[in-house]
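Structure assessment
The chain contents come next:
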Amino acid sequence: MKFQSTRNKNLRLDSAETIIKGLSDEGGLFVPEEVPHLEKEELAELSKLDYCERAKRVFAKYMTDFSEEELLECAEKAYIGRFEDDTPAPLVKLGESTYMLELWHGPTCAFKDMALQILPRFLVKSAKKAGNGEKTVILTATSGDTGKAALEGFCDVEGTEIIVFYPQNGVSKIQQLQMQTQKGKNVCVCGVEGNFDDAQTAVKSIFTDKDIRKKLAENGKSFSSANSINVGRLLPQIAYYVSAYADLVASGEITEGEAVNVCVPTGNFGNILAAYYAKRMGVPFAKLICASNANNVLTEFLSTGRYSINRDFYMTESPSMDILVSSNLERLLFELCEKDDGYICALMKSLREHGEYSVPDEVLDKIKELFAAGYTDDKGTEKRIKMLFDEYSYLCDTHTAVAVDVYEKYKEETGDETKTIIASTASPYKFPRAVLKAISGKDMEDDFAAAKEIEQLSGLTMPLQLKELSEKQPRFTKVCKREDMADFVLSTVGGEN
Ligand SMILES: *Cc1c(COP(=O)(O)O)cnc(C)c1O
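Criteria and cut-off values
- Residues numbered from 1 in each chain as written.
- Predicted model: local features only at pLDDT ≥ 70, side-chain atom pairs only at ≥ 80, totals over all residues.
- Heavy atoms only, no water.
- Helix = DSSP H or I, 4+ residues; strand = E, 2+ residues; numbered from the N terminus.
- Rg over C-alpha atoms; globule rule 2.2 N^0.38 Å.
- Contact = heavy atoms within 4.5 Å.
- Lys, Arg positive; Asp, Glu negative; His and termini not counted.
- Charge placed at Lys NZ, Arg CZ, Asp CG, Glu CD.
- Near = heavy atom within 4 Å.
- Polar contact = N/O pair within 3.5 Å; in protein donor to acceptor, adjacent residues only side chain to side chain.
- Areas by Shrake-Rupley, 256 points an atom, 1.4 Å probe, with all protein chains shown as cover.
- Salt bridge = Lys/Arg side-chain N within 4 Å of Asp/Glu carboxyl O.
- Phe/Tyr/Trp six-rings, centres within 6.5 Å; stacked < 30°, edge-to-face > 60°.
- Buried < 20%, exposed > 50% of the residue type's maximum accessible area, 1.4 Å probe, protein only.
- Pairing = 2+ DSSP bridges.
- Axes fitted to C-alpha atoms, helices over the stretch in contact; angles between N-to-C directions.
- Core = buried A, V, L, I, M, F, W, Y, C linked by side-chain atoms within 4.5 Å.
- Expected span 1.5 Å × (residues − 1).

What follows concerns the overall build of the protein. Along its length, the protein carries 22 helices and 16 strands. Since a compact globule built from 497 residues should have a radius of gyration of about 23 Å, the 21 Å found for the protein is in line with a globular shape. On the principal axes, the C-alpha backbone points of the protein span a range of 60 × 50 × 45 Å. Contacts in the protein between residues at least 24 apart in sequence constitute 75% of all its contacts with a sequence separation of at least 6. One finds the centroid of the 60 positive side-chain charges in the protein at a distance of 3 Å from the centroid of its 79 negative side-chain charges.

Now the structure itself:
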C-alpha cells in the first residue's frame, strides 16, 4: 500500500514515510492510493475481537510496511491503561435508535486522544524504518483539543520535540490550562494573537518554508505534524468507526450488514472523513451527517458546492469547531474528483487567493449522495444539552450537542429513522460553564466552580486530570503575533541538541 499526495499523485510513499512527513512538500495531503476493502467475513469476525485486535486489522490494511505484531503493540500501548475502564470507545444507547460513540475517555478528555495516543508510537517506529536519523519536530496548531492531546501523546517521547500554537482568545479556560501546565522536557506551548485559521495557516506555511526547513535540517531535525492532516491520525479514527459497527453487531443492536448513519460534529473535517473511509472500506454506513456550529462553511459547501471563507468568523460555545478552512476536505475532494491533482491545486489556489471555490454539479451530486449537512447556533446547542439531560439524564458537551441537534433536525426533515451513531467528542467537563448554563440556567464565571455545580446536579464526577488543573501553575504563558510564529519556532528548535 502506498500513499499519494492530493497535489501530486505521482509521489508515492509508504505509510512510515507518510507519517514522518505529515504534509507533502508541495502542501498536499496524503491519501491511500486505493481504499482497502474489508470483506463481509472479515467484518463479521471483528465483532468477536477486542478493540486493539480490531484496530490492528484496520491498520494492517493500510500500513503494509509494518508487521502485525508491531501494529498490535502500538495499539496495546496506546489503548490499554490509558483509557477509562480500558474501553477506548464505548457506545451509549439513547432512546430507540441513537448511539453515542464516546471518544473522550482518554487522558485529555477529548476524541483527539484516540489518534494522538497512538500517533507517537507509529512515528517512533516509522522513524526507525524510514527515517534518516533526524529528530522530529512536531508542529501543531490547535483549536483547543488537539494541542493538549498531542502534548500528552508526545511528552518525553524519544527523538521528538513538540511545539503547540493555540489561539489566545479562542480556547476555553480549561483547555488553555491543560496546555499551559503540560509537563515534559520536549514540549513547548505558545498562544497566538488571532483565531485557529490564522494559526493553522501560519503553521502550514512554516512547514513548507524552504529556509526554515534547511535550517532545521542543518541541526539534524525535520518537521512533522500531529494535526489531522497526518495519515497517522486518520487511520486510528477509521478504526473506531469500524469498531463501533462491530460493537453494534456484537451486542445484537443491529444485524450483520444493517445500514447505520453516522453524525459527526465537524471542524477540520478529520473525524467525519474517517467515517467516509470506513464506509469506503465496506462498513455499511448510510448517510454521513456533517454537523457544524455557526461557522457553517461546510453546511453551505455540502449543500451547494460552493466553499467560501469570505464570511464572518464566530467564536462559539463549541470552540474546537470554530474553523473556516477545513483542511481534510481536500482529501474528500481528491477522492470525488477522480484524483485529479491538478484540479485540486487549482481549487486550493482559488481558496488562497479569492477565499472561495466551487465544484461542478457532478461532484456535488456525489457529495449529496454520501453526506447530509446542517448547523446550529449556541442556543440550539444549549437547548439540546438540556433536553438530553432532562430526558435521559445524559450529560454531553457542547460539540456533541451540536451533532445531536443537527441530527434531530435531519430526522425531522427527512423522516430517516435509520439507526445512527453520533460521535461524542469531548467530556462535558471540558466546557463546564456552557454545560452548567444549559442544564440550570446558571451563568458562572469560574470553570471549576461550574464543574462542582454540575457534579452536584448530575452525580457524574469530573475526571481527575481536569479537576487537578485548578491547583497547577501555568508553565507556558507566552503569546506571539502571527507573523512572529516562524521566529518562535526557530528560536525554540533552531539550535542543535
Ligand atoms: C477537534 C474537535 C472537533 C472537530 O473534529 P474535526 O476532526 O476537526 O472535524 C469536534 N469536537 C471536539 C470536542 C473536538 O476537539
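As a matter of local geometry, the ligand sits amid 15 residues, with Lys112, Asp145, Gly267, Asn268 and Asn271 nearest to it. Interatomic distance of 2.7 Å between a backbone N/O atom of Gly267 and an oxygen atom of the ligand. Gly270 places a polar main-chain atom, nitrogen or oxygen, 3.2 Å from an oxygen atom of the ligand. Summarising the interface, the protein chains cover 98% of the accessible area of the ligand, which totals 380 Å² for the free molecule.

Counted under the stated rule, the structure contains 36 salt bridges. Here Asp390 and Lys386 are joined by a salt bridge, their closest N and O atoms 3.0 Å apart. Here Lys386 and Asp390 lie together in helix α17 (residues 378-392), a separation of 4 residues that amounts to about one turn. Through salt bridges with shared partners, a single ionic network connects Glu45, Glu53, Lys56, Arg57 and Glu68.

Aromatic ring pairs are described here by two measures, namely the spacing of the ring centres and the angle between the planes. Considering all chains together, one arrives at 15 aromatic pairs under this definition. Ring geometry for Tyr79 and Phe83: centres 5.6 Å apart, planes at 55°, overall tilted. Residue classification places Tyr79 among the buried residues on the basis of a relative accessible area of 1%. Where Tyr245 meets Phe285, the ring centres are 6.3 Å apart and the plane angle is 75°; that geometry is what we call edge-to-face.

Turning our eyes to something else, we now look at the environment of Val249. By secondary structure assignment, the location of Val249 is in helix α11 (residues 231-250). Setting aside anything within four residues of it in sequence, one finds Val249 in contact with Ser47, Ile254 and Glu256.

As a further point, take the sheet that holds strand β1 (residues 3-5). The antiparallel open sheet is built from 3 strands, whose spatial order is β2-β1-β3. Edge positions in the sheet fall to β2 (8-13) and β3 (30-32), since each of these pairs with one other strand and no more. When strand polarity is set aside, the average angle formed by the axes of neighbouring strands in this sheet is 35°. As paired elements, β1 and β2 share 3 bridges and run antiparallel to each other. Residue pairing for β2: Phe3 is matched across the bridge by Leu13.

Now for the nonpolar core. Counting 106 residues, the largest nonpolar core has Tyr62, Ile238, Tyr241, Phe269, Phe285, Tyr357 and Phe371 as the members making the most contacts within it. Per-element accounting of this core gives the leading share, 13 residues, to α11. Ignoring anything within four residues of it in the chain, the contact list for Tyr357 reads Phe301, Gly305, Arg306, Tyr307, Leu329, Leu333, Leu347, Met348, Ser350 and Leu351. Met100, Ala291, Val406 and Ile439 belong to the second largest nonpolar core, which has 36 residues in total.

Working note: α-helix, 3.6 residues per turn, so residues spaced by three or four point in the same direction. When the terminal C-alpha atoms of helix α20 (residues 447-458) are compared, their 16 Å separation across 12 residues agrees well with the 16 Å that a helix rising 1.5 Å per residue should span. The distance from a side-chain oxygen at the start of α20 to the backbone nitrogen of Phe448 is 3.0 Å, and the residue carrying that oxygen is Asp446. Directly beyond the C-terminal end of α20, a positive phi value near 80° is found at Gly459.

Turning to the side chain of Ser427, a few remarks are in order. If you trace the backbone, Ser427 turns up in the loop between β15 (420-424) and α19 (432-440). Those residues within four positions of Ser427 in sequence are excluded, and the remaining contacts are Trp104, Cys109, Asp397, Pro463 and Leu466.

Pairing is parallel in the open sheet, where 5 strands are placed in the order β9-β6-β7-β8-β16. On the outer flanks of this sheet lie β9 (221-225) and β16 (479-481), each paired with one strand and no other. Taking the axes of each pair of neighbouring strands and ignoring which way they run, one obtains an average angle of 30° across the sheet. In the sheet, strand β7 (residues 160-167) pairs with strand β8 (residues 187-193) via 6 bridges, with the strands oriented parallel. By the bridge assignment, Val164 is partnered in β8 with Val189. Where helix α7 (residues 145-154) meets the sheet, its contacts fall on β6 (135-141), β7 and β8, and the angle it forms with β7 comes to roughly 165°.

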